[in-house]
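# Chain and residue survey
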Amino acid sequence: MADTTFVEAPEVRFAKSGDVNIAYSMVGDGPFDLVFVGGWVLSCHEVAWEGPPAAFFSRLSSFCRLILFDKRGTGLSDRTTGIPDLETRMDDIRAVMDAVGSKRAAIMGVSEGGPMTALFAATYPERTAAAVLYGTMASYFRSHDYPWGMTAEEWDEEIRKTAPKVGTPEWLDERQETFAPSTTEDPAATRWWRRWVLTSSSPAAVIALRRMNSEIDVRHALPAIRIPTLVLCRTGDEWYLPQTRYMAERIPGAELVEIPGDDHGWWVNPEQIANAVEPFLRGIWDRGEWDVVESERVLATVLFTDIAGSTAKLAELGDRLWRELLQQHHALVRRQLVRFSGREIDTAGDGFFASFDGPARAIRCASAIRDAVRDVGLEIRAGLHTGECEVVDGKVGGIAVHIGARVAAEATPGEVLVSSTVKDLVAGSGIQFRERGVAELKGIPGEWRLYSVERDAAIG
């Protein structure tokens, strides 16, 4: 096995993200920070440092302060039920960055860590100096404009067939052949690989992650990434290469570098990757661009609500009682906005306009508002859309806001209605939807597929 020299693993510490402890460590003392977002269920600690990842981590830490962490449910982080959605995992990154005092860092996502990195960069440009994406994808599902991956039915069948084998020597060998085919003839590499996988995650977490991954779709977020982005892939990594190119084409100003080799695993010949990452990040730092937040645009989820039948209610109650009821309504809405970290942008009459940094939080807030105001005899309509928003004087605007308002106009009393973009970004959240068909939104080009949030799954 290459790179067998033992390197002492760094001290592991824990950051609190909600109620979950996230294991993290730091290596190096370079002038800027790089957060590494690993792929699949592989840990960045303990056994990782007994094999090739040690060389990669040591190489990266030679020019930066490298921040490593284990995703919740894997490695040394708290074991949790299932695998969380991308929104929760973004919260984990922020918790780790806060714990180490990193105000702004480059984020490097490999394989299935790539979609979350892309979403983080689009949502939090003020925390992200640059993004590096290696061997990754925007979606796992095949569609008419994304001809890679499987259909939903094929994914279900694949998971059903492989679930009984997860954790077995046969399955471990299959995974090694998939990720790192050049290492399969090395017995030492195989022994280390098996230990690394088995100590990184349980079979149940592996299966849960596959189910969550099958729903990931960050295609709509790619044009909203407005920070320097480096996209890497090996030319022989046939399944990931076209998808990596797809992402590079849609991220404004992204730099695509294709490196030789057939292995998907970033720990195989890692010097190739590090040799591309170092000049990219050093260049940003040396040019004095690291702390420059040029973009006044962010990826945000907008929520619009209004009271259904408000005119009839006013006529029934009269001005004074209606005003008192409206005050109750406003207090209930604002209470839920605080609970779910929403930001009130505007209030007009009986309607609210708010923004969120995560679509799942926005859906749960809308559902909680609907249930809370029902207790005082009111029904609301709610509509949500996620898109690139302009930020002016702390408020969000732009076409995404207009789409959100139009989605809300399509909602029926008591309904929380979302665009397909919102639905695609909440994979793993447990939120269930009912398809509402295709609608033409007034003043918005094209047709829009809308989904109604199932009542029982929204608060979750």
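Computed from a predicted structure; not experimentally measured. Every chain's residues receive numbers from 1 upward, in the order its sequence appears when written. Since the coordinates come from a predicted model, pLDDT governs what is reported: local features require at least 70, and pairs of side-chain atoms require 80 or more to be given and counted, while whole-chain, interface and lining totals use all residues. As a convention, hydrogens and water are excluded, and side-chain values are obtained from all of the structure's heavy atoms.

## Describing the overall build of the chain
Put simply, the rule reads: Secondary structure elements follow DSSP: runs of H or I of four or more residues count as helices, runs of E of two or more count as strands, with numbering from the N terminus. Note on areas: Shrake-Rupley with a 1.4 Å probe; residue coverage comes only from the protein chains shown. We count Lys and Arg on the positive side and Asp and Glu on the negative side, and we leave His and both chain ends out. Lys charges are placed at NZ, Arg charges at CZ, Asp charges at CG and Glu charges at CD.
Helix and strand counts for the chain come out as 15 helices and 16 strands. Dimensions of the chain, computed from C-alpha atoms along their principal axes, come out at roughly 80 × 50 × 40 Å. As displayed, the chain has an accessible area near 18800 Å², and 49% of this comes from carbon and sulfur atoms. In the chain, which carries 50 positive and 67 negative side-chain charges, the distance between the mean positions of the two groups comes to 4 Å.

## Observations concerning the side chain of Ser102
Just so we agree on the cut-off: Relative accessibility decides the category of a residue: with a 1.4 Å probe and only protein chains considered, values under 20% of the type maximum give buried, values over 50% give exposed, and everything between is partly exposed. The term polar contact refers here to a pair of N or O atoms within 3.5 Å; inside protein, the definition further demands a hydrogen-donor-capable atom paired with an acceptor-capable atom, and it admits residues adjacent in sequence only when both atoms are side-chain atoms. Contacts are assigned to residue pairs with any non-hydrogen atoms lying within 4.5 Å of each other.
Its place among the elements puts Ser102 in the loop between α2 (86–100) and β5 (105–110). With a relative accessible area of 2%, Ser102 lands in the buried category. A polar atom in the side chain of Ser102 sits 2.8 Å from the side chain of Asp33. Not counting residues within four places of it along the chain, the set of residues in contact with Ser102 comprises Asp33, Arg65, Ile67, Met97 and Arg127.

## What about the pattern of salt bridges?
What counts, and what does not: The term salt bridge refers to a pairing of a side-chain nitrogen on Lys or Arg with a carboxyl oxygen on Asp or Glu at a separation within 4 Å.
Taken as a whole and judged by the stated rule, the model has 37 salt bridges. Note that Glu157 is salt-bridged to Arg160, the shortest N-O span being 2.6 Å. Remark: Arg160 and Glu157 occur in helix α4 (residues 152–162); sequence separation between them is three residues, near one turn of the helix. For Glu157, a relative accessible area of 34% gives the class partly exposed. With a shortest N-O distance of 3.1 Å, Lys165 and Glu174 are connected by a salt bridge.

## Observations concerning the sheet that holds strand β1 (residues 13–17)
How we decide: Strands qualify as paired when DSSP identifies two bridges or more between them. Axis geometry follows a simple rule: fit a line to the C-alpha atoms, using only the stretch in contact for helices, then measure angles between N-to-C directions, giving values from 0 to 180 degrees.
Across the sheet, which stays open at both edges, the eight strands sit in the order β1-β2-β4-β3-β5-β6-β7-β8 with mixed pairing between neighbours. The open sheet is flanked by β1 and β8 (255–259), the only strands paired with a single partner. Between one strand axis and the next, the sheet turns by 25° as a mean value, whatever way the strands run.

## Quick look at the environment of Ala248
Checked against the element boundaries, Ala248 lands in helix α8 (residues 241–250). Residues in contact with Ala248, not counting those within four places in the same chain, are Val231, Ala254 and Leu256.

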